[in-house]
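If you want the building blocks of each chain, they are given just below.
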Amino acid sequence: MTSRGTSLKVIDKAMAAADEEMYNNGIVAVGDHVNSDNTSNIKESSKILYHTFVEVFGIEPDEADGRLQEAKDLIHEFDPAHSSITPHAPYSCSKILLKKFKKAVSDVNIISIHNQESDEENRLFRYKTGGFIDFFKVIGKNPDLFKAQARNSIQSYLPYLPHPNKLILVHNTYTSLKDLDFVDRMGRDIVWCLCPKANLYIEGQLPKVMNFVNDNQKIVIGTDSLASNDKLSILDELKVLHKHFDNLDFQQSIQWATINGAQALNIDDKFGSIEVGKKPGLVLLKNMEHFRLSDKVTVQRLA
């Protein structure tokens, strides 16, 4: 938040390089969070299909209407067929804002919300303690706007999100088995997006991945952004997961990186699998004969 004064020329150059890097790594579609129109031009000319998630946030109840209107105005800068409005995170949205958001969007509006990225988030919702209290004071917000819920964040905010909208929950580093049980009882259409390299960079912690696997949850893979990652490579994310979880099935994790992601963005009619009429981002992986996660794997784009 303190390093956002870079010129638009520098930003545009960095975005173009990142867009090219992703395409060369075989990425054909991206779900991208924004709170400005800086990416609109590059998305129009990119070889990648982007679904843009326009973030709405505001913890003060009286700013809810204005924040929603800002998001509605901003979304017009992006492809209407592949964009939606989404709450940024549970700690950055008031209950009033979530209630108004629920009424403001249609049931085809895909939601992608940052979920339980840090333990501080759960501490805020359970006990009204932790680093977020100090953070609110630093940015001039009143921490008394929050009330302790005696339960983790996902159990506190999920009932306020619209139904039957598809929900992509991003990070999930501190999602517990009780949280998964709660989600199952809610009967929501939920996709869990894991960004392991970013999790290690920010928290030094990975989600309890096998809990999601054993509970038959739908998983997709993300990279977060270059603010918390050194590369935008889905293969690198898979390598990190397999390095830390020996029982993870490679055939299964490949689906997280391909068809599951396409289904999450409602574009599986064109992407995500090798079928007639589809345009998957095929890559040739070399040096896989004795694949170990510490080995170097060469990636060559085929299509």
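Nothing here was measured: the structure is a model prediction, and the numbers come from that model.

Draft legend 1. Quick look at the packing of aromatic side chains. One pass over the structure, following the stated rule, counts seven aromatic pairs. Between Phe-132 and Phe-136, the ring centres sit 6.2 Å apart and the planes meet at 35 degrees, which makes this aromatic pair tilted. Of this pair, Phe-132 and Phe-136 both sit in helix 6 (residues 131-138), four residues apart, which is roughly one turn of that helix. Overall, the relative accessible area of 13% leaves Phe-132 in the buried class. Exposure remark for Phe-136: the relative accessible area of 1% places this residue in the buried category. Relative to Phe-146, the ring of Phe-136 lies with its centre 5.4 Å away and its plane at 10 degrees, an arrangement referred to as stacked. Of the two residues, Phe-136 sits in helix 6 while Phe-146 sits in the loop between helix 6 and helix 7 (153-157), which places them ten residues apart along the sequence. Among the residues examined, Phe-146 registers a relative accessible area of 11% and is labelled buried. Taken together, the aromatic side chains of Tyr-91, Phe-125, Phe-132, Phe-135, Phe-136 and Phe-146 make up a single cluster linked through ring pairs.

Draft legend 2. Seen up close, the sheet that holds strand 5 (residues 167-171). Strand order in the open sheet formed by four strands is 4-5-6-7, and the pairing between neighbours is parallel. Both edges of this open sheet fall to strand 4 (111-115) and strand 7 (219-221), since each of them pairs with a single strand only. Mean inter-strand twist for the sheet, computed between neighbouring axes without regard to direction, equals 30 degrees.

Draft legend 3. Examining the state of the cysteines more closely. Considering all chains together, one arrives at zero disulfides under this definition. Cys-93 forms no disulfide, and the closest cysteine sulfur to it belongs to Cys-193, at a distance of 18 Å. You can call Cys-93 buried: its relative accessible area is 4%. Cys-193 forms no disulfide, and the closest cysteine sulfur to it belongs to Cys-195, at a distance of 4.1 Å.

Draft legend 4. Summary view of a negative patch on the surface. A cluster of acidic residues, Asp-37, Glu-44, Glu-77 and Asp-79, forms a negative patch on the protein surface. For Asp-37, a relative accessible area of 37% corresponds to the partly exposed category.

Calculation rules
Residues numbered from 1 in each chain as written. Predicted model: local features only at pLDDT ≥ 70, side-chain atom pairs only at ≥ 80, totals over all residues. Heavy atoms only, no water. Phe/Tyr/Trp six-rings, centres within 6.5 Å; stacked < 30°, edge-to-face > 60°. Helix = DSSP H or I, 4+ residues; strand = E, 2+ residues; numbered from the N terminus. Buried < 20%, exposed > 50% of the residue type's maximum accessible area, 1.4 Å probe, protein only. Pairing = 2+ DSSP bridges. Axes fitted to C-alpha atoms, helices over the stretch in contact; angles between N-to-C directions. Disulfide = S-S within 2.5 Å. Patch = residues over 30% accessible without salt bridge, like charges linked within 9 Å, V, L, I, M, F, W, Y side chains within 5 Å. Areas by Shrake-Rupley, 256 points an atom, 1.4 Å probe, with all protein chains shown as cover. Salt bridge = Lys/Arg side-chain N within 4 Å of Asp/Glu carboxyl O. Lys, Arg positive; Asp, Glu negative; His and termini not counted. Charge placed at Lys NZ, Arg CZ, Asp CG, Glu CD.

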